[in-house]
Amino acid sequence: MTDFAQNLSSIRYKIQDACQAAGRPSSHVNLLAVSKTKPAEQVRAVAALGQTHFGENYLQEALDKQAALADLDLVWHFIGPIQSNKTRPIAESFAWVHSVDRAKIAQRLSDQRPAHMPPLQVCIQVNISEEDSKSGCLPADVAKLASTIEALPNLNLRGLMAIPKATDNPVEQAAAFNKMQTLLTELKSQLADNKQLDTLSMGMSGDMGTAIAAGSTIVRIGTALFGARG
Ligand SMILES: *Cc1c(COP(=O)(O)O)cnc(C)c1O
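Note that the structure is predicted; figures quoted are calculated from it, not measured. (Residues numbered from 1 in each chain as written. Predicted model: local features only at pLDDT ≥ 70, side-chain atom pairs only at ≥ 80, totals over all residues. Heavy atoms only, no water.)

**Q** Explain the site of the ligand here, please?
**A** Taken together, 13 residues surround the ligand, and among them Lys36, Asn57, Ser205, Thr223 and Arg229 come closest. Separating an oxygen atom of the ligand from a side-chain N or O atom of Asn57 is a distance of 2.6 Å. Interatomic distance of 2.8 Å between a side-chain N/O atom of Arg220 and a nitrogen atom of the ligand. The residue makeup of the shell around the ligand, split by class, is six nonpolar, four polar and three charged. (Near = heavy atom within 4 Å. Polar contact = N/O pair within 3.5 Å; in protein donor to acceptor, adjacent residues only side chain to side chain. Nonpolar A, V, L, I, M, F, W, Y, C, P; charged D, E, K, R; others polar.)

Structure below.
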């Protein structure tokens, strides 16, 4: 059995530690529990420990879990690649989407967000390491996509998300995260009216400390909390 209480407290400790090292208040870094491939019962067990924000990558799996956990007050984040024919259920069932990477997806999410719900909180996913195989908007295209999103009534642009190229080299990790921080700073001056442009969604189980040093405000943690995926 995975000891969720133990894992959660060691993650919280790591976040605190990294914040202290970076001279940042630990309240500025939020933990997103990434529950993809893990059953609803495990999400329920983690929720019972006080965790409220959960991230999912696969739409149908996420919808099934949301239905099984409808009695809980959880905040769901969609963090996976988005096909345009799947935008409606995403717009209807999530509070946040971290993986908006093109105008067409943004437009559809805004059009399909139900009127009775608050605006969808979105991040632009940036292909920060400019890998051919990765989804995400290229760094050079972020400004234009951000302007498009700002003009959409049912989306609230909160910031940027990235999954940098996998590497164990902390210097390379830091370089990618620092680029993200620079991009967010540029975006803030471009969209000076947007007071809620406050989010850098970056850092996973293997690199959360480096991400926090570079200004991450949401770390997305799967393996370190739920254990390895099968
Ligand atoms: C799976 C996943 C994570 C969690 O990764 P771990 O290494 O298991 O912590 C974070 N972000 C995204 C987008 C993912 O797909």
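**Q** So what exactly am I meant to see when it comes to the packing of aromatic side chains here?
**A** Two aromatic rings are characterised by how far apart their centres lie and by the angle between their planes. Applying the stated rule across the entire model yields three aromatic pairs. Between Phe54 and Trp76, the aromatic rings sit 6.0 Å apart at their centres with planes inclined by 40 degrees, giving tilted as the arrangement. Taken together, the positions of Phe54 in strand β2 (residues 53-56) and Trp76 in strand β3 (residues 75-78) put the pair 22 residues apart, joining distant regions of the chain. Here Phe54 and Trp76 have matching classes, each one buried. Considering the side-chain rings of Phe78 and Phe94, the 5.3 Å spacing of their centres and the 80 degrees angle between planes classify their relative orientation as edge-to-face. Separated by 16 residues along the polypeptide, Phe78 in strand β3 and Phe94 in the loop between α4 (87-93) and β4 (96-100) bring together distant segments of the chain. Judged by its relative accessible area of 2%, Phe94 is buried. (Phe/Tyr/Trp six-rings, centres within 6.5 Å; stacked < 30°, edge-to-face > 60°. Helix = DSSP H or I, 4+ residues; strand = E, 2+ residues; numbered from the N terminus. Buried < 20%, exposed > 50% of the residue type's maximum accessible area, 1.4 Å probe, protein only.)

**Q** Where do I start with unusual backbone geometry in this structure?
**A** Backbone phi values are negative for most residues with the exception of glycine, while trans is the configuration of most peptide bonds. A positive phi angle, close to 70 degrees, is found at Thr37, a residue other than glycine. With respect to the helices and strands, Thr37 occurs in the loop between β1 (30-34) and α2 (40-47). What makes Thr37 partly exposed here is its relative accessible area of 44%.

**Q** Explanation requested: the environment of Ser84 in the structure shown.
**A** Here Ser84 shows up in the loop between β3 and α4. Among the residues examined, Ser84 registers a relative accessible area of 19% and is labelled buried. It is 35 Å that separates the C-alpha atoms of Ser84 and Ala213, two residues lying 129 residues apart in sequence. Setting aside chain neighbours within four positions, we find Ser84 in contact with Arg102, Lys104, Ile105 and Arg108. (Contact = heavy atoms within 4.5 Å.)

**Q** How should the pairing of strand β6 (residues 155-162) be read in this particular structure?
**A** On a regular strand, one side chain projects to one face of the sheet and the next to the other, so that they alternate. β6 sits mainly inside the fold: eight of its eight residues count as buried. In this structure, strand β5 (residues 120-126) lies alongside β6, joined through seven bridges in parallel fashion. Considered in β6, the bridge of Val122 is made with Leu157. You can see the chain leave β5, run along helix α6 (residues 142-150) and come back into β6, and the turn it takes is right-handed. Pairing of β6 with strand β7 (residues 199-201) involves three bridges; the strand directions are parallel. In the strand pairing of β7, Leu160 is matched with Leu200. Where the polypeptide runs from β6 across helix α7 (residues 170-190) and back to β7, its parallel neighbour, the crossover connection is right-handed. (Pairing = 2+ DSSP bridges. Right-handed = clockwise from strand over helix to strand, strands pointing away.)

**Q** Help me out: how do you make sense of the nonpolar core in this one?
**A** The nonpolar side chains of a soluble globular protein tend to be buried with one another. Counting residues in each nonpolar core, the largest one holds 62 residues, and the members touching the most others are Ile15, Phe54, Val97, Leu109, Ile124, Ile149 and Leu160. Those residues in contact with Ile149 that sit more than four places away from it in its chain are Val100, Ala106, Val122, Ile124, Leu155 and Leu157. In terms of nonpolar packing, the next biggest core, distinct from the first, is built from seven residues, Leu32, Val34, Cys123 and Ile218 among them. (Core = buried A, V, L, I, M, F, W, Y, C linked by side-chain atoms within 4.5 Å.)

**Q** Just to check I follow, could you spell out helix α3 (residues 59-68) for this structure?
**A** Quick reminder: α-helices carry 3.6 residues per turn. Residues three or four places apart thus point the same way. When we look at burial in α3, the residues that qualify are Leu59, Ala62, Lys65 and Gln66. Buried positions in α3, seen along its axis, are confined to an arc of 130 degrees and lie on one side of it. Every exposed residue of α3 that faces more than 90 degrees away from the buried side is listed here: Gln60 and Ala67. Its buried side turned inward, α3 meets α2, β2, β3 and α4. (Arc of directions from axis to C-beta.)

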